[in-house]
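One-letter residues, chain by chain:
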Amino acid sequence: MSQTVFTALVLTLGIFWTGLLMFLATGFIIRPLQQLEIVVNKAAEGNLSDEVNLKLSNDEIYDIGQAFNRMLQNMRDIIMTIEENTNKANECMLQISNLADNAFRHSSHISQTIDEISQGAENSAAAIEDTAESIEHVLVLAGDVREKALHSKRPF
């Protein structure tokens, strides 16, 4: 076999093995990145329930996947805390609304009672005025009766 053929065969086999190893290595690197991309896109759309499931390895892609899973869990915890605080705030607002309604009813009742007292006071004042006029009238009549009584005692 000639030197040229041998060199061409070695170079061809080198290219073949390099291509095969690159194909396998690319699948090993690309597949986890594709899985990570799918979950990241779902998270960007608001779906925080999925997680990145990568095979245990000691590389940067696995570390990024684990960090992303921790970030998703923290976001779910934050959302749950916000929901709990929102529910508590809604309950407090409902209690405040009920208390305000009760206060309004009580103030309406107090206002009505004050109106009744005011009307009663006006009626009492009118009754006292009528009584005072009646007493004056009685005094005038009593004075007339006294005069008539004094005149009837005198001889004519």
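Refer to the structure printed above.
Residues numbered from 1 in each chain as written. Predicted model: local features only at pLDDT ≥ 70, side-chain atom pairs only at ≥ 80, totals over all residues. Heavy atoms only, no water.

1. Some thoughts on the overall build of the protein
Okay, step 1: Within the protein, the regular secondary structure consists of two helices and zero strands.
Okay, step 2: Relative to the compact-globule value of 15 Å for 156 residues, the protein shows a C-alpha radius of gyration of 52 Å, a clear excess of over 25%.
Okay, step 3: Here the C-alpha coordinates of the protein stretch approximately 185 × 25 × 15 Å along the principal axes.
Okay, step 4: Across the 156 residues in the protein, those meeting the buried criterion constitute 9%.
Okay, step 5: Long-range contacts, defined as pairs at least 24 residues apart, comprise 48% of the intrachain contacts of the protein with a sequence gap of at least 6.
Okay, step 6: As displayed, the protein offers around 13300 Å² of accessible surface, 64% of which is attributable to carbon and sulfur atoms.
Okay, step 7: Distance between charge centres in the protein, computed from 11 positive and 21 negative side chains, equals 6 Å. (Helix = DSSP H or I, 4+ residues; strand = E, 2+ residues; numbered from the N terminus. Rg over C-alpha atoms; globule rule 2.2 N^0.38 Å. Buried < 20%, exposed > 50% of the residue type's maximum accessible area, 1.4 Å probe, protein only. Contact = heavy atoms within 4.5 Å. Areas by Shrake-Rupley, 256 points an atom, 1.4 Å probe, with all protein chains shown as cover. Lys, Arg positive; Asp, Glu negative; His and termini not counted. Charge placed at Lys NZ, Arg CZ, Asp CG, Glu CD.)

2. Points about the environment of Gln 35
Okay, step 1: Inspection of the secondary structure assignment puts Gln 35 in helix H1 (residues 3-44).
Okay, step 2: According to the relative accessible area criterion, Gln 35 is partly exposed, its value standing at 34%.
Okay, step 3: As for Gln 35 and Gly 65, which are separated by 30 residues in sequence, their C-alpha atoms are 9.2 Å apart.
Okay, step 4: Apart from residues lying up to four places away in sequence, Gln 35 is in contact with Asn 53 and Leu 54.

3. Some remarks on the pattern of salt bridges
Okay, step 1: On inspection of all chains with the given rule, the structure shows two salt bridges.
Okay, step 2: One salt bridge connects Lys 42 with Asp 50, and the closest N-O pair in it is separated by 2.8 Å.
Okay, step 3: Taking the relative accessible area as the measure of exposure, Lys 42 reaches 32% and is therefore partly exposed.
Okay, step 4: Taking the relative accessible area as the measure of exposure, Asp 50 reaches 25% and is therefore partly exposed. (Salt bridge = Lys/Arg side-chain N within 4 Å of Asp/Glu carboxyl O.)

4. Observations regarding the layout of surface pockets
Okay, step 1: The space that makes up the largest pocket amounts to roughly 290 Å³.
Okay, step 2: If you go around the largest pocket, you meet 13 residues; those closest to its centre are Phe 28, Arg 31, Pro 32, Leu 54 and Lys 55.
Okay, step 3: Among the secondary structure elements, those contributing two or more residues to the lining of the largest pocket are H1 and helix H2 (60-153).
Okay, step 4: A per-element tally of the lining of the largest pocket places H1 first, with six residues.
Okay, step 5: Considering only residue class, the lining of the largest pocket consists of six nonpolar, four polar and three charged. (1 Å grid on protein atoms, 1.4 Å probe; cavity = no way out; pocket = protein on both sides within 12 Å on 5 of 7 lines; lining within 4 Å. Points joined across faces, edges and corners; volume = space filled by probe spheres on them. Nonpolar A, V, L, I, M, F, W, Y, C, P; charged D, E, K, R; others polar.)

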